[in-house]
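The residues making up each chain are set out below.
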Amino acid sequence: MAKEFFYPRGGIVRATRYVLHRMRRLPDSPHRVARGVFAGSLVGFLPLPGLQFLAAWGAARAVRGNVLAALLGTFNTNPLTTPFFAVMAMSLGHWIMGVEAPLSAKAIGHAFGRAGDDLWRNIKAPFTHDVAQWDGLIQFWHDIYVPYFVGALIPGVILSAIAYYLTIPLVSAYQKARAAKAHERAEKRGKLRKALAEATERLKRKTERPDAEGPGEP
């Protein structure tokens, strides 16, 4: 359902907890998991529609991070927060690049509309008499996409670096606790096996003792 795309069943908080739970359980060193989280989180902030998983995989391989952690890290954004981050990123990108294009909702919608019209016209052009148009796509590239990418890169790096440093102690603590529990369970199993072996040995001695004494005198 469309509602679940914007607001997952069980809530965004629950979905976030699930991703963090899966991330802590990854069978890899904390530093490799953290590098994967950094790569995936950074990709998640960038405007790469349809290419985020592929880009996260490549970024994780580049920094020698855990690939699955990178894929999970791309879920750091959601449809509810992305519009606000996009406006902030485009504003920052416009300021950095000196772009003076308006950033009102109407102007952004118009840029998307023109780019979409040009894209559809250019797809049909080889099969019809239409002439390819690039003005809308060029405007969208210079006024929307590139400023968004540049503006998202700086806060994306900062927030992903914070996620990196938070992931290391989180995964390390979880792995130590899990190892301690595994060691405790192993000790309990060892004690249980030892107790069963001693009980079996005592029972065996009791059953063999009458045979060793031989039959009694009548």
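Note that the coordinates shown come from a computational prediction; the quantities given were computed from them, not determined experimentally. (Residues numbered from 1 in each chain as written. Predicted model: local features only at pLDDT ≥ 70, side-chain atom pairs only at ≥ 80, totals over all residues. Heavy atoms only, no water.)

A. Expanded view of a nonpolar patch on the surface. Nonpolar side chains collect at one region of the surface, where Trp-95, Ile-96, Met-97, Leu-153, Ile-154, Val-157, Ile-158, Leu-159, Ile-162 and Leu-166 lie side by side and expose about 960 Å² of accessible area between them. Counting residues per element, the ones that place at least two in the nonpolar patch are helix H6 (82–97) and helix H8 (135–213). Here Trp-95 lies in helix H6. When its relative accessible area of 70% is taken as the criterion, Trp-95 is described as exposed. (Patch = residues over 30% accessible without salt bridge, like charges linked within 9 Å, V, L, I, M, F, W, Y side chains within 5 Å. Areas by Shrake-Rupley, 256 points an atom, 1.4 Å probe, with all protein chains shown as cover. Salt bridge = Lys/Arg side-chain N within 4 Å of Asp/Glu carboxyl O. Helix = DSSP H or I, 4+ residues; strand = E, 2+ residues; numbered from the N terminus. Buried < 20%, exposed > 50% of the residue type's maximum accessible area, 1.4 Å probe, protein only.)

B. Spotlight on the nonpolar core. Phe-85, Ala-89, Met-90, Phe-140, Ile-144, Tyr-148 and Ala-152 are the most contacted members of the largest nonpolar core, which has 18 residues in total. Once residues lying within four places of it in the same chain are set aside, the contact partners of Ala-152 are Phe-45, Leu-46, Phe-85 and Ala-89. With 5 residues, the next largest nonpolar core counts Val-33, Ala-69, Ala-163 and Val-171 among its residues. (Core = buried A, V, L, I, M, F, W, Y, C linked by side-chain atoms within 4.5 Å. Contact = heavy atoms within 4.5 Å.)

C. The confidence of the model for the protein chain, seen in detail. Averaged over every residue, the pLDDT of the protein chain is 80; the share at 70 or more is 83%. Within the protein chain, the element-level pLDDT minimum falls on helix H1 (residues 2–6), averaging 39, and the maximum on helix H4 (residues 52–63), averaging 92. With pLDDT under 50 throughout, residues 1–12 is counted as low confidence; its partners more than four residues away or in other chains account for 10 contacts. (pLDDT = per-residue confidence, 0-100.)

D. Molecular detail of the packing of helix H3 (residues 30–45) against H4. Two elements in contact, H3 and H4, have axes whose closest approach is 8 Å; the angle formed by their N-to-C orientations is 145 degrees. In the crossing of H3 with H4, the sense of the turn from one axis to the other is right-handed. Facing Arg-35, Ala-39, Gly-40, Val-43 and Gly-44 of H3, the residues of H4 in contact are Gln-52, Ala-55, Ala-56, Ala-59, Ala-60 and Val-63. (Axes fitted to C-alpha atoms, helices over the stretch in contact; angles between N-to-C directions. Left-handed = near helix turned anticlockwise from the far one by under 90°.)

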